[in-house]
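Chain by chain, the residues run as shown.
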Amino acid sequence: EKSPHNDEKFVTKLHDRFEDFSELLENYNLAVVDFSEDKLYMFDEIPSANINERRQSIPAIAKGEQVILKGKIFVPEKN
């Protein structure tokens, strides 16, 4: 069975969107920010029963220290 990720149309669409995203980052002086404890304010926390420690799902987008789009991290679910 053919995987959709090997489909030429899918790969072309992904490439085009990535190029658009890269251009936006450059044109607006934005940065992709990975999770770290000192950047916690840039992320929304999503409780998950399947993990034991914080784990990034989606990076944040920032301009300097200003959050443009919050990232997402999974956090252990509290019992």
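Residues numbered from 1 in each chain as written. Predicted model: local features only at pLDDT ≥ 70, side-chain atom pairs only at ≥ 80, totals over all residues. Heavy atoms only, no water.

Caption draft 1: Local environment of the nonpolar core. Ranked by size, the top nonpolar core spans eight residues in total: Val33, Phe35, Met42, Phe43, Ala60, Ala62, Ile73 and Val75. When residues of this core are traced back to their parent elements, those giving at least two are strand 4 (60-63) and strand 6 (71-76). Excluding residues that lie within four positions of it along the chain, Ala62 makes contacts with Asn29, Leu30, Ala31, Val33, Met42, Val67 and Ile68. (Core = buried A, V, L, I, M, F, W, Y, C linked by side-chain atoms within 4.5 Å. Buried < 20%, exposed > 50% of the residue type's maximum accessible area, 1.4 Å probe, protein only. Helix = DSSP H or I, 4+ residues; strand = E, 2+ residues; numbered from the N terminus. Contact = heavy atoms within 4.5 Å.)

Caption draft 2: Layout of the packing of aromatic side chains. Counted by the stated rule, this structure contains one aromatic pair. With a centroid separation of 5.5 Å and 90° between ring planes, the pair formed by Phe35 and Phe43 is classed as edge-to-face. Of the two residues, Phe35 and Phe43, neither departs from the other in class, the shared state being buried. (Phe/Tyr/Trp six-rings, centres within 6.5 Å; stacked < 30°, edge-to-face > 60°.)

So yeah, pure geometry; function would need other evidence.
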